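Each chain is listed here by its residues.
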Amino acid sequence: MENKIHNNLYDIAIIGAGAAGVMAALRGVLNNDNILLIEGGAKDKKKSRAQWVRKVENIPGFMSYERGVLDPNQETLDYIKNSPFKENLTHLKNTSVTDLKKADDTFLLTLDGGSSTTARARFVILATGVMDIQPEIEGTIKTIFPYANVQAVDYCVRCDGHHALGKETVVIGSDESAAWVAIMLHERYAPPHLAILTDGKKPHYSDKVAQLLELYRIEVNTKGIDGVRGNKKEGKLEGFTFCDGTIHPTDFAFVGLGMMVYNDLATKIGTQTDERGFVTTGPKGETSVQGLYVAGDLRANTKKQIYTAWDTAVDAADDINSKLRQIKRSQKLEQVVSY
Ligand SMILES: Cc1cc2nc3c(=O)[nH]c(=O)nc-3n(C[C@H](O)[C@H](O)[C@H](O)COP(=O)(O)OP(=O)(O)OC[C@H]3O[C@@H](n4cnc5c(N)ncnc54)[C@H](O)[C@@H]3O)c2cc1C
């Protein structure tokens, strides 16, 4: 297997097998291109959004999946592996890409999957994603996990903001974007009580935001969370505690602390990014490095959703297919002329 990977020149190497990576693989395989899909090592997977998505309620037909990215992805990979196109896909499980270089018209990927090897591809789709920053409570980010696992704590307002309906809600975050989340939750769902819990810092809001928070009676608590109350086994959240011994009763929390952007490979190879670290691209997802595309949450100016990950992945795979066909077409035309 290692030799096969090392010796092959793949049409497209896809780095990451979350929502964008698997969609790019499906599109590439059905376009009849030769695809290498590298899903990430255990650490990459654990820190990916794909791993943490549970029930997906904002995509038609997805309500029955327990794990809204991993389950449909598995079905898709099983379909490909049993289809007439199966030879088009090499799927590297538990493998991380640790380096990405370009030499002439070829990309060279360094792989770490127990034993190290390299792979070569004409084009690359980078889909390594982002991760939401977790609040550190009692010295660890793990305190919140039992509640996040059952969605008493959520991160994505477009996916799960509606969970605030009828609930004692808090937004955890110190900057203005967390305040805008609270304003939106109030305007959409008017939860019975809504507060912002900062990480102990005093936020600096613009006049407009401060005025809206006052108008909507959204409390801003700057004491700094020091504990979580609830039933961990059942994932029932009851409230957050502060160092003065008080408790803020809560049954739903929204975390608005920003995102970590997994752009290491992109920046190493020299792509342009925006001020937050998201990779900027042309309309089809091609970066400032020719032949290198970005799909999914890593791409600048996208909605950071499963369906936008799919859309950007399809755009990238189709654009690459168009370029591959142009190369083959020119070669065929040249042959005709030289006869
Ligand atoms: C808790 C939560 C709930 C959500 N709910 C919804 C929802 O209900 N509806 C919705 O539309 N969206 C939802 N989202 C957003 C959705 O998860 C993302 O938009 C989507 O997963 C982005 O896809 P992606 O492929 O860009 O990244 P991911 O799906 O996060 O995939 C990243 C992939 O990159 C791999 N990787 C990382 N580094 C490397 C490396 N060096 N080498 C190889 N592989 C690597 C990882 O292993 C992983 O496979 C939710 C997000 C969170 C956090």
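Quantities reported herein were computed from a predicted structural model and do not represent experimental measurements.

The next thing to look at is the overall build of the protein chain. Looking only at helices and strands, one finds 11 helices and 17 strands in the protein chain. Summarising its shape, the C-alpha atoms of the protein chain cover approximately 85 × 40 × 35 Å along the three principal directions. Taking all 339 residues of the protein chain together, the buried fraction comes to 39%. Residue pairs in contact within the protein chain that sit at least 24 positions apart in sequence constitute 61% of those at least 6 positions apart.

Our next topic: the site of the ligand. Close to the ligand lie 40 residues, the nearest being G16, G18, G40, G129 and G296. Residue assignment for the shell around the ligand shows that the elements contributing at least two residues are α2 (19–30), α3 (42–46), α4 (49–52), β4 (96–103) and α11 (306–338). Tallied by class, residues from the shell around the ligand come to 21 nonpolar, 12 polar and seven charged. When residues of the shell around the ligand are sorted by domain, at least three fall in each of domain 1 (2–131 + 259–338) and domain 2 (134–255).

Domain boundaries in the protein chain define domain 1 (2–131 + 259–338) and domain 2 (134–255). Placing the centre of domain 1 and that of domain 2 at their C-alpha centroids yields a distance of 35 Å.

With that settled, consider the environment of P72. Within the secondary structure layout, P72 lies in helix α5 (residues 70–81). C-alpha of P72 to C-alpha of K167: the two residues are 95 residues apart in sequence and 30 Å apart in space.

The next thing to look at is α2. Helix length check: α2, at 12 residues, gives a terminal C-alpha distance of 17 Å against a target of 16 Å (1.5 Å per residue), a fit within 8%. Judged by how many residues are buried, α2 sits mostly within the fold: 11 of 12 residues are covered. Within α2 the residues assigned to the buried category are A19, A20, G21, V22, M23, A24, A25, L26, R27, G28 and V29. Looking one or two residues beyond α2, the residue adopting positive phi is N32, at roughly 70°.

Here the focus is the environment of V157. Residue position: V157 is located in helix α7 (residues 157–160). It is 27 Å that separates the C-alpha atoms of V157 and G40, two residues lying 117 residues apart in sequence. When residues no more than four places from it in sequence are discounted, the contact partners of V157 are V181, M184 and F254.

Let us now look at the sheet that holds strand β9 (residues 168–172). Strand pairing within a sheet occurs via backbone hydrogen bonds; the two strands may be parallel or antiparallel. Read from one edge to the other, the open sheet built from five strands follows the order β8-β15-β9-β10-β11, with strand pairing classed as parallel. Either end of the sheet is taken by a strand with one partner, and the two such strands are β8 (153–154) and β11 (219–221). Of the strands in this sheet, β9, β10 (193–197) and β15 (252–255) are in contact with helix α8 (residues 176–189), which crosses β10 at around 175°.

What follows deals with the pairing of β10. The side chains of a regular strand alternate between the sheet's two faces. Summarising burial for β10: four of the five residues are buried, a large majority. The pairing of β9 with β10 spans five bridges and is parallel. Paired with V170 across the bridge in β10 is A195. Regarding topology, α8 serves as the crossover connection from β9 to the parallel β10, and that connection is right-handed. Across three bridges, the pairing between β10 and β11 is parallel. When the bridges of β11 are listed, A195 appears paired with E219.

Within strand β1 (residues 9–15), six of the seven residues are buried, which leaves the element mostly enclosed by the surrounding structure. Bridge count between β1 and strand β2 (residues 35–38): four bridges; the pairing is parallel. Note on β2: the bridge partner recorded for I15 is I38. Assessed by its sense of winding, the connection that carries the chain from β1 through α2 to β2 is right-handed.

Attention now goes to α5. The end-to-end C-alpha distance of α5, which contains 12 residues, comes to 16 Å, matching closely the 16 Å that a straight helix rising 1.5 Å per residue would cover. Inspection of α5 places L70, N73, L77 and I80 among the buried residues, and these make up the whole buried set. Across the axial projection of α5, the buried residues extend over an arc of 85°, all falling on one side. Turned more than 90 degrees off the buried face of α5, the exposed positions are E75 and D78. Turning to α5, the residues buried within the fold contact α2, α4 and β3 (89–92).

Turning our eyes to something else, we now look at the sheet that holds strand β12 (residues 225–231). Reading across the sheet, the three strands line up as β12-β13-β14 and stay open at both edges, with antiparallel pairing between neighbours. The open sheet is flanked by β12 and β14 (247–249), the only strands paired with a single partner. Shown here is a sheet whose adjacent strand axes are inclined to one another by a mean of 25°, direction ignored.

Calculation criteria
Residues numbered from 1 in each chain as written. Predicted model: local features only at pLDDT ≥ 70, side-chain atom pairs only at ≥ 80, totals over all residues. Helix = DSSP H or I, 4+ residues; strand = E, 2+ residues; numbered from the N terminus. Buried ≥ 20, exposed ≤ 12 C-beta atoms within 10 Å, placed from the backbone. Contact = placed C-beta atoms within 7 Å. Near = placed C-beta within 6 Å. Nonpolar A, V, L, I, M, F, W, Y, C, P; charged D, E, K, R; others polar. Domains from an automatic or database assignment. Expected span 1.5 Å × (residues − 1). Pairing = 2+ DSSP bridges. Axes fitted to C-alpha atoms, helices over the stretch in contact; angles between N-to-C directions. Right-handed = clockwise from strand over helix to strand, strands pointing away. Arc of directions from axis to C-beta.

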